[in-house]
Amino acid sequence: MTEPNTTAPMIRLAAVDKFFGPLHVLKQITLDVPRGQVVVVLGPSGSGKSTLCRAINRLEPIDAGRIEVDGSPLPAEGKDLARLRAEVGMVFQSFNLFAHKTILENVTLAPVKVRKLPVAQARKTALELLERVGIANQADKYPAQLSGGQQQRAAIARALAMRPKVMLFDEPTSALDPEMVQEVLDVMTALAADGMTMLVVTHEMGFARKAAHRVIFMSDGEVVEDSTPSEFFTAPKSGRAKDFLGKILTH
Ligand SMILES: Nc1ncnc2c1ncn2[C@@H]1O[C@H](COP(=O)(O)OP(=O)(O)OP(=O)(O)O)[C@@H](O)[C@H]1O
C-alpha cells in the first residue's frame, strides 16, 4: 500500500487536453484542488464541465497532460483503475441504481465485491450511510418505489460506501422535481462540512454561494475564472462570466 501523500493536492490536473474528433473540449486545463476543498464548476452548456468530471474518474481518456488523485497519476487500466473508481466517487444526473436490487443491496454490492467486506459488515455500514442521507427507512425498497430525491440520496450513499477520497457530482439535481432539489443539496452540504473533497457541476447557485470554497467558471473548454464564490458572484472578471451570470440570474 502506498502511503497517503498529505502534501499533494487531492486532485491535480496539469495541462490537460481532450478532443472529441476535431472538437477541442478541454484546453490545457491546469487545476489543483486541496484536500477538503469544495469546488463548484459553472459554465454554459457544452463548455466541458461533464468531460472534466469524467476525465478525473477516468471515464474519458485524455489526449495530453496529467491527472493525479492524492498524489498518484491516474491509471490507464486494470486493477488500478478499479482502485481509482473506488477512491473517486461519482454521482450523475441520472441515479444509475440497479433497478432489481433493493436500496440496501445497491449500497452493499460494491463494498462486498470490490472492497471484499464481509456481507454483515457491508450491510451495517450501508445502513449507517442510509441513515446519514436520511433514507434508512427505505432500505428494503426498490429504486422505483422511491422519489427521485430519495434515489439520488441512495446514489450518494452508494458512492460513499466505497470510502472515496474525492466525490464528483455531475448535475446531481438537474433531473429532480424542484421540491426534491433541496434534500439532495442538504446531504451534499453536510458532506462538504465533514471535509470531503468535492468537485460539483451544478446550476444551483445557492449551493455554490453557501457550500463552495471556490468557483471555477468554464467556457469553451477553458477555465476562464477561478475565484471565491463571493468574488465570482459580485465581481466576475470576464465578459463571458458576466454574460453567463446575467442569463442565469434573470431566469
Ligand atoms: N462522447 C462524446 N462524443 C463527441 N462529443 C462529445 C462527447 N461528449 C461530449 N461531447 C461534446 O463535448 C463538448 C463538451 O461537452 P460536456 O458535456 O463536457 O459539456 P458541459 O459543459 O458539461 O455541458 P452541459 O452543461 O450541457 O452538460 C460539447 O460540445 C459536447 O457536445
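Procedures and definitions
Residues numbered from 1 in each chain as written. Predicted model: local features only at pLDDT ≥ 70, side-chain atom pairs only at ≥ 80, totals over all residues. Heavy atoms only, no water. UniProt positions renumbered as here; feature names shortened; annotations may be inferred. Helix = DSSP H or I, 4+ residues; strand = E, 2+ residues; numbered from the N terminus. Buried < 20%, exposed > 50% of the residue type's maximum accessible area, 1.4 Å probe, protein only. Contact = heavy atoms within 4.5 Å. Areas by Shrake-Rupley, 256 points an atom, 1.4 Å probe, with all protein chains shown as cover. Lys, Arg positive; Asp, Glu negative; His and termini not counted. Charge placed at Lys NZ, Arg CZ, Asp CG, Glu CD. Pairing = 2+ DSSP bridges. Salt bridge = Lys/Arg side-chain N within 4 Å of Asp/Glu carboxyl O.

Where an unreviewed UniProt entry is consulted, the protein chain appears under the name Amino acid ABC transporter ATP-binding protein, PAAT family, with the organism given as Actinokineospora diospyrosa. Listed under Sequence similarities (unreviewed entry) in UniProt, the entry text for the protein chain is "Belongs to the ABC transporter superfamily." The annotation that UniProt attaches to the protein chain under Subcellular location (unreviewed entry) is "Cell membrane".

Colleague: Before we move on, can you summarise the overall build of the protein chain with the specific residues and values?
Modeller: Across its full length, the protein chain holds 9 helices and 10 strands. Across its three principal directions, the C-alpha atoms of the protein chain cover 55 × 45 × 35 Å. Out of the 251 residues belonging to the protein chain, those deemed buried represent 50%. Restricting the contact set of the protein chain to residue pairs at least 6 apart, pairs at least 24 apart contribute 67%. If you sum the accessible surface of the protein chain, you get close to 12,000 Å²; carbon and sulfur atoms cover 53% of it. In the protein chain, 30 side chains carry a positive charge and 28 a negative one; their mean positions are 4 Å apart.

Colleague: Run through the sheet that holds strand β1 (residues 11–20), naming residues and quoting values.
Modeller: Strand order in the open sheet formed by 4 strands is β2-β1-β4-β5, with antiparallel pairing between adjacent strands. If you trace the sheet from one side to the other, it starts and ends with β2 (23–33) and β5 (72–73), each paired once. Relative to strand β4 (residues 64–69), β1 runs antiparallel, the two being bridged by 5 bridges. What sits directly across from L13, in β4, is I67.

Colleague: Before we move on, can you summarise the pattern of salt bridges with the specific residues and values?
Modeller: This structure, assessed with the given rule, holds 13 salt bridges. Here K165 and D70 are joined by a salt bridge, their closest N and O atoms 2.6 Å apart. With K165 in the loop between α5 (148–160) and β7 (166–170) and D70 in the loop between β4 and β5, this residue pair connects regions lying 95 residues apart in the sequence. One salt-bridge network, in which partners are shared between bridges, spans R35, D70, E87 and K165.

Colleague: Describe in detail the pairing of β1, supporting the description with residues and values.
Modeller: The sheet contact formed by β1 and β2 spans 7 bridges and is antiparallel. Bridge pairing in β2 links I11 to V33. Counting the residues between successive antiparallel strands, the hairpin from β1 to β2 contains 2 residues, one of them, G21, with a positive phi of roughly 60°.

Colleague: Lay out helix α1 (residues 49–56) with the relevant residues and their values.
Modeller: In terms of burial, α1 is largely enclosed, as 6 of its 8 residues are buried. Taken as a whole, α1 has its buried residues at K49, T51, L52, C53, A55 and I56. The positive-phi residue at the C-terminal boundary of α1 is R58, with phi of around 65°.

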